[in-house]
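Notes for the structure review
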Amino acid sequence: MDKHYDVIIIGSGAGGGTLARHLAPSGKSILILERGDWLTREAKNWDATAVFGDNRYISPETWYDREGHAFQPQVHYFVGGATKMYGAALYRLRKEDFGERQHYDGISPAWPIQYEELEPYYGKAEEMYFVHGERGTDPTEPPASTPYPCPPVSNEPRMQQLFDNLKAEGYHPFPAPCAIQLDEANMAYSTCIRCQTCDGYPCLVHAKSDAEVCAVRPAVTFDNVTLLRNAHALKLLTDASGKTVTEIEAEVNGEPETFRGDIVVVSCGAANSAKLLLSSANDKHPNGLANGSDQVGRHYMFHNSQAVLAFSLERNPTMFQKTVALNDFYFGMEGFDFPVGNIQMMGKSQGAMYRAQSPVMTALVPEMALDELAEHAVDFWLTTEDLPDPDNRVTVDAEGKLTLSYTPNNQVPRQKLYDKLKSMLGDMGMRPGHLVPRDAYMKTDIPIAGCAHQAGTCRFGTDPASSVLDTDCKAHELDNLYVVDTSFFCSIGAVNPSLTAIANAMRVGDHLMARMG
């Protein structure tokens with residue numbers, strides 16, 4: 001393709017897809033390069049064995065850990081990026097997350113912008129992605145200038161019982177912010193059917209508010225927006241000064257192609273955005289593009305997360321379980337003055353899921369017993385902040401091999417949150433003490449493979465010596481290179497990062513429209 005574009009966006013997920021949608025009405029010529037294709041709509045979208053046992057939608061590529069051991073990362077390359085498989089939990093970071101915070105294991109650094117700068121874009125992001133929620137029930141909630149665009153998703157009976165039990169014990173449960181296209185007042189016309197196959201599955205009926213459905217498909221209805229699928233960007237080339245990206249070398253359906261644009265936006269996910277910049281080293285940028293600070297690839301974060309099963313004294317026939325959340329321990333708890341984290345529900349587990357995720361462990365367990373286990377299971381997701389560490393990093397060798405070096409940190413609050421939930425089970429109508437790590441059933445046993453919440457490899461800041469991007473997410477060292485996925489995060493907070501990536505993409509989009517006139 002010889003055409004020159006005003007903007008080329010590499011990646012179509014929460015950052016890149018949203019940016020394309022935000023810029024589409026500008027009339028500027030926009031090219032989206034997506035290394036994957038449409039995710040195939042098929043019955044296996046909702047098949048636990050296919051999704052969790054066969055890893056049907058996970059990329060077959062190989063990454064390496066610090067010791068050089070190969071692993072298969074839980075990454076998904078499709079139009080819509082990682083949002084195709086996400087749980088559609090769209091939380092705002094807390095206002096305090098933007099400032100410097102003391103944690104048990106160290107400092108979570110301040111961001112170069114404050115919550116107030118992102119706040120209007122959080123509202124626009126919630127609107128674009130049809131977020132259901134309720135203001136005023138979460139005591140840690142940051143100020144909001146707009147209501148949620150959709151009412152909270154109702155609790156099914158077992159979740160309502162859980163909600164009521166928590167309130168009776170003096171806690172402050174709140175409706176989890178869910179990005180689904182559900183109309184409970186008019187279910188005959190609702191896209192979402194409240195199924196069990198939302199969290200971790202692709203949505204067969206396109207009712208999950210992912211970046212394909214909410215951003216890319218609306219963007220490509222504009223004549224000035226072009227989506228090129230199966231287009232894998234490999235290297236960014238600059239002019240002789242090293243100040244401007246002039247070309248993108250890519251493979252399209254396996255064939256080499258070159259693309260040119262006035263503005264180039266990278267949004268490949270924190271690990272792959274770092275890989276692309278590091279792979280684009282040249283004479284002016286010997287350590288990788290935009291990497292004079294030696295910060296590209298460093299400060300990789302992906303949350304200290306735990307998936308756990310509690311066993312209810314009665315059956316839990318819930319279909320859509322992700323309706324309750326708790327932030328009472330976000331900033332600390334009695335006897336522990338450091339931030340602890342967020343508790344929310346996971347998608348409802350099923351017997352077939354246990355078999356698929358751990359065929360060896362469950363080989364001798366009858367199907368009926370697994371189903372019985374699942375019928376009594378209540379699934380929680382616990383999130384604690386991991387801290388940015390320069391030695392937790394992505395590196396790339398001359399052959400393009402990606403190494404993800406990661407040493408866990410801030411583990412004490414992670415354990416505190418687990419122990420706290422365990423101590424609460426009796427009050428919530430569960431079997432006291434019966435809290436089982438759900439990853440016991442997971443097929444993947446390498447913690448770093450679960451990189452759904454990856455962030456931080458191209459952090460933004462005001463000082464080019466300690467950051468990669470400026471406050472507009474433009475590379476300090478280049479005039480026309482931007483990064484808009486979660487790479488820009490300085491810290492990760494303890495809630496899901498997607499909404500912040502979406503909101504920031506809109507913020508950067510307004511900057512780009514002003515820049516392009």
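Structure: above.
Note that this is a predicted model, so its numbers are computed, not measured. (Residues numbered from 1 in each chain as written. Predicted model: local features only at pLDDT ≥ 70, side-chain atom pairs only at ≥ 80, totals over all residues. Heavy atoms only, no water.)

Quick word on the overall build of the chain
Formally: In this text, helices come from DSSP runs of H or I with a minimum length of four residues, and strands from runs of E with a minimum of two, each type numbered from the N-terminal end. C-alpha atoms define the radius of gyration in this analysis, and the globule rule sets the expected value at 2.2 Å times the number of residues to the power 0.38. To sort residues, take the accessible area from a 1.4 Å probe on protein chains only and compare it with the maximum for the residue type: under 20% means buried, over 50% means exposed, and anything in between is partly exposed. Here, Shrake-Rupley sampling with a 1.4 Å probe gives the accessible areas, and only protein chains in the shown set may cover a residue.
Looking only at helices and strands, the chain has 10 helices and 21 strands in total. A globule of 517 residues ought to have a C-alpha radius of gyration of about 24 Å, and the chain, at 22 Å, matches this closely. By principal-axis analysis of the C-alpha atoms, the chain measures approximately 70 × 50 × 50 Å. The buried share among the 517 residues of the chain stands at 59%. Carbon and sulfur atoms form 51% of the exposed surface of the chain, whose accessible area is close to 19400 Å².

With respect to the sheet that holds strand β16 (residues 342-345)
Note the threshold: Strand pairing is assigned whenever DSSP identifies at least 2 bridges connecting the two strands. In what follows, residue pairs with any heavy atoms lying within 4.5 Å of each other are defined as contacts. An axis is simply a line fitted to the C-alpha atoms; with a helix, the fit covers only the stretch in contact. Between two such axes, the angle follows the N-to-C directions and lies from 0 to 180 degrees.
If you trace the 6 strands from one edge of the open sheet to the other, you get β8-β15-β16-β17-β14-β20, paired in antiparallel fashion. Each edge of the sheet is formed by a strand with only one pairing partner; in this case those strands are β8 (174-175) and β20 (430-437). Here strand β15 (residues 324-326) runs beside β16; their pairing, made up of 2 bridges, is antiparallel. Bridge pairing links Ala 325 to Gln 344 in β16. Across the face of the sheet, helix α9 (residues 411-424) comes into contact with β14 (304-312), β15, β16, β17 (377-384) and β20 while running at roughly 150° to β17.

Here we look at the packing of helix α1 (residues 16-23) against helix α10 (residues 498-516)
Rules: If an angle is under 35 degrees, it is roughly parallel; if it is over 145, roughly antiparallel; if it lies from 65 to 115, roughly perpendicular; otherwise it is oblique. A clockwise turn of the near helix away from the far one marks a right-handed crossing, whereas an anticlockwise turn of less than a right angle marks a left-handed crossing. Three residue categories are used. Nonpolar comprises Ala, Val, Leu, Ile, Met, Phe, Trp, Tyr, Cys and Pro, charged comprises Asp, Glu, Lys and Arg, and polar comprises the others, including Gly.
Axis separation between α1 and α10 bottoms out at 8 Å; the angle between their running directions is 40°. Between α1 and α10, the interaxial angle falls into the category oblique. When you trace α1 past α10, the crossing you get is right-handed. Mapping the contact onto sequence places Thr 18, Leu 19, His 22 and Leu 23 in α1 and Ile 502, Ala 505, Met 506, Gly 509, Asp 510, Leu 512, Met 513 and Met 516 in α10. Taken together, the residues of the contact of α1 with α10 break down into 8 nonpolar, 3 polar and 1 charged.

Side note on the packing of aromatic side chains
To be explicit about the condition: Note on aromatic contacts: the rings of Phe and Tyr and the six-membered ring of Trp form a pair at centre separations within 6.5 Å, being stacked when their planes are under 30 degrees apart, edge-to-face when over 60 apart, and tilted otherwise. In this scheme, the term charge over a ring applies when either NZ of a lysine or CZ of an arginine sits within 6 Å of the ring centre and within 35 degrees of the ring normal.
As enumerated under the stated definition, the model contains 20 aromatic pairs in all. Arranged with centres 6.4 Å apart and planes meeting at 65°, the rings of Tyr 57 and Phe 78 form a pair that is edge-to-face. Residue Tyr 57 is found in the loop between α2 (48-53) and β3 (63-65), and its partner Phe 78 is found in the loop between β4 (70-71) and β5 (101-103); the two are separated by 21 residues along the sequence. With respect to burial, Tyr 57 and Phe 78 carry one shared label: buried. Consider the rings of Phe 460 and Phe 488, whose centres lie 4.9 Å apart with planes at 85°: the pair is edge-to-face. You can see Phe 460 sitting in the loop between β20 and β21 (481-483) and its partner Phe 488 sitting in the loop between β21 and α10, a full 28 residues away along the chain. On the basis of relative accessible area, Phe 488 is assigned to the buried category, the value being 0%. Members of the aromatic cluster, joined through ring pairs, are Phe 98, Trp 111, Tyr 115, Tyr 122, Phe 460, Phe 488 and Phe 489. When the ring centre of Tyr 77 is taken as reference, the NZ or CZ atom of Arg 35 above it lies at 3.8 Å. Above the face of the Tyr 64 ring, Lys 401 is positioned so that its terminal group lies 4.6 Å from the ring centre.

Structural notes on unusual backbone geometry
The phi dihedral of Asn 55 is positive, around 50°, even though this residue is not glycine. Mapped onto the elements, Asn 55 comes out in the loop between α2 and β3. At Asn 253, a position not held by glycine, the phi torsion is positive, near 50°. Residue classification places Asn 253 among the exposed residues on the basis of a relative accessible area of 59%.

Notes on empty space enclosed by the protein
Put simply, the rule is: Each cavity reported here is a set of points on a 1 Å grid over the protein atoms alone in which a 1.4 Å probe fits but cannot get out, each pocket an open set with protein on both sides within 12 Å along at least five of seven lines, and each lining residue one with an atom within 4 Å of a point. Grid points are joined across faces, edges and corners, and a volume is the space filled by probe spheres set on the points.
Enumeration over the complete set of coordinates arrives at 5 cavities of 30 Å³ or more. Considering only enclosed or pocket space, the largest cavity measures out at about 100 Å³ in volume. In this structure, the largest cavity is lined by 13 residues; those nearest its centre are Arg 94, Asp 138, Glu 141, Tyr 148 and Phe 174. Per-class residue counts for the lining of the largest cavity are 6 nonpolar, 1 polar and 6 charged. Its boundaries defined by the atoms lining it, the second largest cavity holds a volume of some 70 Å³. Around the second largest cavity sit Trp 46, Ile 180, Cys 192, Ile 193, Cys 195, Thr 197, Cys 198, Cys 203, Val 205, Ala 207, Lys 208 and Phe 320, which together line it. The residue inventory of the lining of the second largest cavity, partitioned by class, reads 10 nonpolar, 1 polar and 1 charged.

Digging into the pairing of strand β11 (residues 231-238)
Where β11 meets strand β12 (residues 245-252), 7 bridges bridge the pair, whose relative direction is antiparallel. By the bridge assignment for β12, His 232 is matched with Glu 251. Between the antiparallel neighbours β11 and β12 lie 6 residues, among them Gly 242 with a positive phi of about 75°.

Quick notes on the side chain of Ser 405
Relative to the elements of secondary structure, Ser 405 occurs in strand β19 (residues 402-405). Overall, the relative accessible area of 11% leaves Ser 405 in the buried class. Apart from the residues within four sequence positions on either side, Ser 405 is in contact with Arg 66, Asp 391, Asn 392 and Arg 393.

Thoughts on α10
Let me state the cut-off plainly: By this rule the span expected of a helix is its residue count minus one, scaled by 1.5 Å.
Its 19 residues place the ends of α10 27 Å apart at the C-alpha level, agreeing with the 27 Å of an ideal helix rising 1.5 Å per residue. For α10, the tally of buried residues reaches 14 of 19 residues, placing the bulk of the element in the interior. In the stretch just after α10, Gly 517 is the one whose phi turns positive, near 70°.

What to know about the sheet that holds β19
With mixed pairing, 4 strands are arranged side by side in an open sheet as β4-β3-β19-β18. Here the strands that pair on one side only, and so sit at the sheet edges, are β4 and β18 (393-396). Pairing between β3 and β19: 2 bridges, direction parallel. Looking at the pairing, Asp 65 lines up with Leu 404 of β19. Seen against the sheet, helix α6 (residues 270-278) touches β3, β18 and β19 and runs at an angle of roughly 40° to β18.

Some thoughts on the pattern of salt bridges
Stated formally: What counts as a salt bridge is simple: a side-chain nitrogen of Lys or Arg found within 4 Å of a carboxyl oxygen of Asp or Glu.
What the rule picks out here adds up to 22 salt bridges. One salt bridge in this structure joins Arg 101 and Asp 97, with 2.4 Å as the shortest N-O distance. Classification of Arg 101 by relative accessible area gives buried; the value is 9%. Glu 247 is paired through a salt bridge with Arg 260; the nearest N and O atoms lie 3.5 Å apart. One end of the pair, Glu 247, is in strand β12; the other, Arg 260, is in strand β13 (residues 255-266), and 13 residues separate them in sequence. On the basis of relative accessible area, Glu 247 is assigned to the partly exposed category, the value being 25%.

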